[in-house]
Amino acid sequence: VQLVESGGGLVQAGGSLRLSCAASGDTFSNYAMAWFRQAPGKVREFVASIGWNGGTTLYSDSVKGRFTISRDNAKNTVYLQMNSLKSEDTAVYYCAAQHRTQWLQPTRDKGYTYWGQGTLVTVSS
């Protein structure tokens, strides 16, 4: 499975961005998807995840109510809508995928086998 993120960039605090992650290489609807992020000097952290059919979504406390994860299985794409951005949201955002039969740790990075290269989000205050 290959994952390619897009949509990152520079935005002012309070603004919005939508990240996209396009998947290829296997049947997208068999995979749970997630977003993680890594800020400079910090460990990678969980942001949000979504089940293979979109029926289950999980969020970290730091983004709950501001970010929304969604997927379009017809387009093999998962999205992360980010609103009310804060300077502490500045990070490289990574898309990750795990086959539904192995989706046992939905909020941990070791629970995902496939990763994208990341897209940088910079929030200016």
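Let me sum up the structure you'll find in this document. All values derive from a computational prediction rather than experimental measurement. (Residues numbered from 1 in each chain as written. Predicted model: local features only at pLDDT ≥ 70, side-chain atom pairs only at ≥ 80, totals over all residues. Heavy atoms only, no water.)

## Some remarks on the packing of aromatic side chains
Under the convention used in this document: Pairing of aromatic rings covers Phe, Tyr and the six-membered ring of Trp, with a centre-to-centre limit of 6.5 Å; geometry is then stacked below 30 degrees between planes, edge-to-face above 60, and tilted otherwise. Helix numbering and strand numbering both begin at the N terminus, where a helix is a DSSP run of H or I of at least 4 residues and a strand a DSSP run of E of at least 2. Residue exposure (1.4 Å probe, protein chains only): buried if accessible area is under 20% of the type maximum, exposed if over 50%, otherwise partly exposed. The rule is short: NZ of Lys or CZ of Arg within 6 Å of the ring centre and within 35 degrees of the ring normal puts a charge over the ring.
On inspection of all chains with the given rule, the structure shows six aromatic pairs. Ring geometry for Tyr-31 against Tyr-114: centres 6.1 Å apart, planes inclined by 75 degrees, an arrangement best described as edge-to-face. Of this pair, Tyr-31 sits in strand S4 (residues 31–38) while Tyr-114 sits in strand S10 (residues 114–115), placing them 83 residues apart in sequence. Judged by centre distance (5.1 Å) and plane angle (55 degrees), the ring pair of Phe-36 and Trp-115 falls under tilted. Of this pair, Phe-36 sits in strand S4 while Trp-115 sits in strand S10, and the two are 79 residues apart along the sequence. Among the residues examined, Phe-36 registers a relative accessible area of 1% and is labelled buried. Through successive ring pairs, a cluster of aromatic residues spans Phe-36, Phe-46, Tyr-112 and Trp-115. One Lys or Arg, Arg-44, reaches over the ring of Tyr-94 and ends 5.6 Å from the middle of that ring. Across the ring face of Phe-28, the terminal group of Arg-71 is positioned such that the distance to the ring centre comes to 4.3 Å.

## Let's talk about unusual backbone geometry
Even without being glycine, Asn-76 reaches a positive phi, approximately 55 degrees. Its place among the elements puts Asn-76 in the loop between strand S7 (67–72) and strand S8 (77–82). Relative accessible area serves as the criterion here: at 28%, Asn-76 is assigned to the partly exposed category. Positive phi values are uncommon outside glycine, yet Ser-84 reaches one of about 50 degrees. Of note, Ser-84 is situated in the loop between S8 and strand S9 (91–99).

## Some remarks on the pattern of salt bridges
Side-chain pairs of opposite charge can arise where the charged atoms are in close proximity. Going by this rule: Salt bridges are defined by distance alone: a side-chain nitrogen of Lys or Arg within 4 Å of a carboxyl oxygen of Asp or Glu.
Applying the stated criterion across every chain, the model contains five salt bridges. As a salt-bridge pair, Arg-66 and Asp-89 come within 2.8 Å of each other at their nearest N and O atoms. With a gap of 23 residues between them, Arg-66 in the loop between strand S6 (57–59) and S7 and Asp-89 in the loop between S8 and S9 connect regions that are remote in the sequence. Connected through shared salt-bridge partners, Arg-37, Glu-45, Arg-66 and Asp-89 make up one network.

## Topic: the side chain of Glu-5
Note the cut-off: Note on charges: Lys and Arg go in the positive column, Asp and Glu in the negative column, and His and the chain ends are not counted at all. Here a polar contact is taken to be a pair of N or O atoms separated by no more than 3.5 Å, where protein atoms must pair a possible hydrogen donor with a possible acceptor and residues adjacent in sequence count only if both atoms sit in side chains. Contact definition: two residues touch when any of their heavy atoms are within 4.5 Å.
Among the secondary structure elements, Glu-5 is positioned in strand S1 (residues 2–6). Of the side chains with opposite charge, Arg-44 lies nearest to the buried Glu-5, which makes no salt bridge, at 8.2 Å. A distance of 2.9 Å separates a polar side-chain atom of Glu-5 from the backbone nitrogen of Gly-118. Every residue in contact with Glu-5, bar those within four places of it in the chain, is listed here: Ser-20, Cys-21, Trp-35, Tyr-93, Tyr-94, Cys-95, Gly-116, Gln-117, Gly-118 and Thr-119.

## A word on the pairing of S4
The condition that has to hold: Two strands make a pair as long as DSSP finds a minimum of two bridges between them.
Of all the eight residues making up S4, seven are buried; the element is thus mostly covered by neighbouring parts of the structure. In this sheet, S9 lies alongside S4 in antiparallel orientation, the contact comprising eight bridges. Residue pairing for S9: Ala-32 is matched across the bridge by Gln-98. Sheet topology places S4 next to strand S5 (residues 45–50); five bridges connect them, and they run antiparallel. Within the sheet, the bridge partner assigned to Met-33 lies in S5 and is Ile-50. In this structure, the hairpin formed by S4 and S5 is closed by a connection of six residues, where Gly-41 is found at a positive phi of approximately 75 degrees.

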